[in-house]
Amino acid sequence: MKKARNNRASYSIAVSTNNHLADSMKQSFEFWHNNYQNSLINYPLVWKKALESDLEIMKKVKTWEKNSIQNTGIIMEEFFEMWSYAIRKSTFEQAKKSIQDWERFWKNATDEQFSVCSEILQMIEKYWREIQSKNIE
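Since we're looking at a predicted model, the values are computed, not measured.

Asker: I would appreciate a short explanation of the overall build of the protein chain in the present structure.
Answerer: The helix and strand inventory of the protein chain stands at eight helices and zero strands. Mapped from its N terminus to its C terminus, the protein chain presents α and β elements in the order α-α-α-α-α-α-α-α. Expressed as a percentage of its 137 residues, the buried residues of the protein chain come to 42%. Pairs at least 24 residues apart make up 78% of the contacts formed inside the protein chain by residues separated by at least 6 positions. About 8100 Å² of surface is accessible on the protein chain, with carbon and sulfur atoms providing 50% of the total.

Here it is in C-alpha cells:
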C-alpha cells in the first residue's frame, strides 16, 4: 500500500500529476454542481442510498474493505462529506481549494484510497442518472 500523504502540498501534487484523479473530480463537480446547484438535493443522502443499494458499488466497497487494513467506512464517509461541501463552491478551482483544506483527511489518506473514492463517486453518478431516467419514464 502506498504511503499516506502528510500535507496539502502532496495532495496538490497528486491531483496535478494524476490526470485520472483530476478528471474524475472535475467531471463529478460539473455533473453535481452544474445540474443540481439550485436544487435542495442532499448529496450525502443520495450517495449513502447508492452505497447501500447499488450492487456494483457494494461489490467495489466490499472488495476494497477486504484488501485494506484501514477502516474504509470512515475514509469513505470523510471523503463524501468533504466532497459534498466542495461541490457547492461556485467554481471547480474553489472546490479543489476547499478539498485541500481538509488536512486531517489528507494526512491519513493514501493514493489508493482516494482513487477508490473517486471511482465510487463516478459509479454513484451513474447510479443517480439511472434513477433519474427511471423516474422520468
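Asker: Before we go on, may I ask you to explain the pattern of salt bridges in this structure?
Answerer: Between side chains of opposite charge, pairing is possible as soon as their charged atoms come close. Enumeration according to the criterion identifies six salt bridges in this entry. Between Lys-96 and Glu-93 there is a salt bridge, with the nearest N and O atoms lying 3.7 Å from each other. Of this pair, Lys-96 and Glu-93 both sit in helix 6 (residues 92-100), three residues apart, which is roughly one turn of the helix. Here Glu-125 makes a salt bridge to Arg-129, at a shortest N to O gap of 2.9 Å.

Asker: I would appreciate a short explanation of the nonpolar core in the present structure.
Answerer: A general feature of soluble globular proteins is that nonpolar side chains tend to end up buried together. Of all hydrophobic cores here, the largest spans 37 residues; its most connected members are Trp-32, Trp-47, Trp-83 and Ile-120. Elements that contribute at least two residues to this core include exactly helix 2 (19-36), helix 3 (43-53), helix 4 (55-67), helix 5 (72-86), helix 6, helix 7 (103-108) and helix 8 (111-136). If you tally residues by element for this core, the top one is helix 8, at nine residues. The residues contacting Trp-83, other than those within four sequence positions of it, are Met-25, Ser-28, Phe-29, Trp-47, Phe-92, Ile-99 and Leu-121.

Asker: Quick question: what am I supposed to make of the environment of Trp-128 here?
Answerer: Mapped onto the secondary structure, Trp-128 falls in helix 8. Residue Trp-128 is classed as buried on the basis of its relative accessible area, which comes to 14%. The spacing of Trp-128 and Ala-50 is 78 residues in sequence and 7.8 Å in space, taken between C-alpha atoms. Discounting chain neighbours no more than four positions away, the residues touching Trp-128 are Phe-31, Trp-32, Tyr-36, Ile-41 and Val-46.

Asker: Explain the packing of aromatic side chains here, please?
Answerer: Ring pairs (aromatic) are described by centroid distance and by the angle formed between their planes. Applying the stated rule across the entire model yields twelve aromatic pairs. Between the aromatic rings of Tyr-43 and Trp-47, the centroid separation amounts to 5.6 Å while the plane-to-plane angle is 25°, which identifies the pairing as stacked. Of this pair, Tyr-43 and Trp-47 both sit in helix 3, four residues apart, roughly one helical turn. Accessibility classification places Tyr-43 together with Trp-47 in one group, the buried group. Here the aromatic residues Phe-31, Trp-32, Tyr-36, Tyr-43, Trp-47, Phe-79, Phe-80 and Trp-128 are joined through ring pairs into a cluster of three or more.

The rules behind each value
- Residues numbered from 1 in each chain as written.
- Predicted model: local features only at pLDDT ≥ 70, side-chain atom pairs only at ≥ 80, totals over all residues.
- Heavy atoms only, no water.
- Helix = DSSP H or I, 4+ residues; strand = E, 2+ residues; numbered from the N terminus.
- Buried < 20%, exposed > 50% of the residue type's maximum accessible area, 1.4 Å probe, protein only.
- Contact = heavy atoms within 4.5 Å.
- Areas by Shrake-Rupley, 256 points an atom, 1.4 Å probe, with all protein chains shown as cover.
- Salt bridge = Lys/Arg side-chain N within 4 Å of Asp/Glu carboxyl O.
- Core = buried A, V, L, I, M, F, W, Y, C linked by side-chain atoms within 4.5 Å.
- Phe/Tyr/Trp six-rings, centres within 6.5 Å; stacked < 30°, edge-to-face > 60°.

Note that all results are geometric; they support no functional claim without further evidence.
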